[in-house]
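Residue-level structure breakdown
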Amino acid sequence: ALPPQSENTYLCQIYNLTLLCTEDYIVEPQSVQFLVQHGFDFNKQYSQGIPYHKGNDKGNENQCQSVRTFFLELIRAKKPLVLHNGLIDLVFLYQCFYAHLPDSLGTFTADLSEMFPAGIYDTKYASEFETRFVASYLEYAYKKCKRENRKLKDSSGQHLTIEFCNYPANMSRYIDYSYCFLEEENHNVGGGNKVPICEKFSAYGWCPKGVKCPQSHNIDLIIDEDDKLWEKRKKRKHKWKRRKNTEERAKVSGQESSGKEMELAQNGEEGPPRKQSCYEPAAAMELAEITPNSEGRPLEDNSMDMELEDIPETEAACAAEKETPDPPSQGGTHRAGFDAFMTGYIMAYVWMLKKGKDTDTGAGPWLPDCHNKLYLSGKALPLQVVKSLFSKSSKAHNQKMKLAWSS
């Protein structure tokens, strides 16, 4: 990937690799239906999919062109790795393109810390614990970042700029284009505010009724509603602070505060509404969002993404953050590459915000608050990707690292 032309300008290229496992695997109807609804071409996969096998290498695979060789090149690059809700992704990548999974979590995280020494970053963790968005599923976080970035641009503040390549005409059959509407242009799709918002989708980015849901899954309308609620909460908080000051002055003069004032003080609200703290369905695979980039930034700009066919049972159960259709009668645009772009955009936006507050950006990890922290569903703490003093790296990993650096 080319480096940014200016501090916050990125040249973006996205790659979709259609893969095909050479071993037997289970196909679940719900997963297949979901992928078909979002444009996945199973005919292309079975006729042209890049073959791969799971587990350890079979022979000297460093000498042949394969997905495993490509994955090894990503490790050799020593760049940060960016994912969204990425724990299952990392398990998949390790098992399918690297080696057999270790027996213990400690060994697994020890291996990962050596595979990606520049760090692993999870945009779901960043969206929930750093930017403190009301919700943290992928499309919500992306559109929220995009909306906030537009405000910065309109006010002539520091903002992100994304540029795309102009490809020659003879490459047109290899390239898919999708126009990402600005929120102002699609607010009224499917009836706009006349269609009530689906509360489950609003909270989780997933609804069991999918495209058949009669309520709105429009992310822009959901963000509108959340922003209005947040403004009300801020006003209420400001009013509570004024009453608290009045109460303190009243105490000094020997007066007692009213019961209503006490109730407001006890119920003072800090931080955004915790919509995302509700139970979320089992974590779905985010279709392997790997995003490579140059110059020691996370791999967000040149997004290599893999469209996976052997979806685990958890995705069949709920496809938690993948099913984001527009309001009734319209399906969403969900492809691995589009999701990778959204992931990279979120990370670039968070990096820009954090960098503005950090006076020592040149030392240590480029984004310390999110460095090697993977989001864990329903947990207040992330999974730390570190090598513990009590855990050793796996034998298979040590062999792979020798192979990676022998050449």
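This is a predicted model, so every value here is computed, not measured.

Focus on the packing of helix α3 (residues 67–77) against helix α4 (residues 87–97)
- Running from N to C, α3 and α4 point in directions that differ by 125°, and their axes come no closer than 9 Å. By the angle between their axes, α3 is oblique relative to α4. Between α3, through Val67, Arg68 and Phe71, and α4, the contact on the second element is made entirely by Leu93, Cys96 and Phe97.
- When grouped by side-chain class, the residues that make up the contact of α3 with α4 number 5 nonpolar, no polar and 1 charged.

Some points on the environment of Tyr137
- Mapping Tyr137 onto the fold places it in the loop between α6 (123–130) and α7 (138–154).
- The class for Tyr137 is buried, based on a relative accessible area of 1%.
- Along the sequence, Tyr137 and Tyr204 sit 67 residues apart, while their C-alpha atoms lie 6.7 Å from each other.

A closer look at the confidence of the model for the protein chain
- Residue-level pLDDT values for the protein chain average 76, and 68% of them are 70 or greater.
- Put simply, helix α11 (residues 313–318) is where the protein chain has its lowest mean pLDDT, 29, and strand β4 (residues 120–122) is where it has its highest, 97.
- Across residues 255–273 the pLDDT falls below 50, and counting only partners more than four positions away or on other chains, this stretch makes 24 contacts in the model.
- Confidence drops under a pLDDT of 50 for residues 276–331, and excluding neighbours within four residues, the segment shows 244 contacts in the predicted structure.

Points about the pattern of salt bridges
- Under the defined criterion, the tally for this structure stands at 14 salt bridges.
- Between Lys144 and Asp227 there is a salt bridge whose closest N-O contact spans 2.8 Å. Taken together, the residues span a long stretch of sequence, with Lys144 in helix α7 and Asp227 in helix α9 (residues 219–252) at a distance of 83 residues. The two residues Lys144 and Asp227 agree in class, both being buried.
- Three or more residues joined by partner-sharing salt bridges are found here, namely Glu139, Lys143, Lys144, Arg147, Glu148, Lys151, Asp220, Asp224 and Asp227.

Observations concerning the packing of aromatic side chains
- A complete count under the given rule lists 15 aromatic pairs for this structure.
- Ring centres of Tyr94 and Phe108 lie 5.5 Å apart, and the angle between their planes is 70°; this geometry places the pair in the edge-to-face category. Taken together, the positions of Tyr94 in helix α4 and Phe108 in helix α5 (residues 105–115) put the pair 14 residues apart, joining distant regions of the chain.
- Under the relative-accessibility criterion, Phe108 is labelled buried at 6%.
- For the pair Tyr142 and Phe341, a centre-to-centre distance of 5.9 Å together with 70° between the ring planes defines the contact as edge-to-face. Note that Tyr142 is positioned in helix α7 and Phe341 in helix α12 (residues 336–357), a separation of 199 residues in sequence. This pair shows no difference in class: Tyr142 is buried, exactly as Phe341 is.
- Taken together, the ring pairs connect Tyr52, Phe71, Phe92, Tyr94, Phe97, Tyr98, Phe108 and Phe116 into an aromatic cluster.
- The ring of Trp405 has Lys78 lying over it, and the distance from NZ or CZ to the ring centre is 5.0 Å.
- One residue, Lys124, lies across the ring of Tyr375, its end atom 4.8 Å from the ring centre.

Some words on α5
- Counted residue by residue, α5 has 8 buried out of 11 residues, so it is predominantly covered.
- Listed in full, the buried residues belonging to α5 are Thr107, Phe108, Thr109, Ala110, Asp111, Leu112, Ser113 and Met115.
- In this fold, the buried residues of α5 make contact with α3, α4, β4, β9 (383–384) and α13 (395–406).

As for the layout of surface pockets
- Computed from the structure, the second largest pocket encloses a volume of approximately 390 Å³.
- Lining the second largest pocket are 14 residues; nearest its centre among them are Phe133, Lys144, Glu148, Asp227 and Trp230.
- If you tally residues by element for the lining of the second largest pocket, the top one is α9, at 4 residues.
- Class assignment for the residues of the lining of the second largest pocket results in 6 nonpolar, 1 polar and 7 charged.

Observations concerning the nonpolar core
- Counting 39 residues, the largest nonpolar core has Tyr140, Met347 and Leu367 as its most contacted members.
- Where this core is concerned, the elements lending two or more residues are β1 (9–21), α6, α7, α9 and α12.
- For this core, the element with the highest residue contribution is α12, accounting for 10 residues.
- The residues touching Leu367, leaving out its near neighbours within four places in the chain, are Tyr121, Met347, Val350, Trp351 and Lys354.

Calculation criteria
Residues numbered from 1 in each chain as written. Predicted model: local features only at pLDDT ≥ 70, side-chain atom pairs only at ≥ 80, totals over all residues. Heavy atoms only, no water. Axes fitted to C-alpha atoms, helices over the stretch in contact; angles between N-to-C directions. Helix = DSSP H or I, 4+ residues; strand = E, 2+ residues; numbered from the N terminus. Parallel < 35°, antiparallel > 145°, perpendicular 65-115°, else oblique. Contact = heavy atoms within 4.5 Å. Nonpolar A, V, L, I, M, F, W, Y, C, P; charged D, E, K, R; others polar. Buried < 20%, exposed > 50% of the residue type's maximum accessible area, 1.4 Å probe, protein only. pLDDT = per-residue confidence, 0-100. Salt bridge = Lys/Arg side-chain N within 4 Å of Asp/Glu carboxyl O. Phe/Tyr/Trp six-rings, centres within 6.5 Å; stacked < 30°, edge-to-face > 60°. Lys NZ or Arg CZ within 6 Å of the ring centre and 35° of its normal. 1 Å grid on protein atoms, 1.4 Å probe; cavity = no way out; pocket = protein on both sides within 12 Å on 5 of 7 lines; lining within 4 Å. Points joined across faces, edges and corners; volume = space filled by probe spheres on them. Core = buried A, V, L, I, M, F, W, Y, C linked by side-chain atoms within 4.5 Å.

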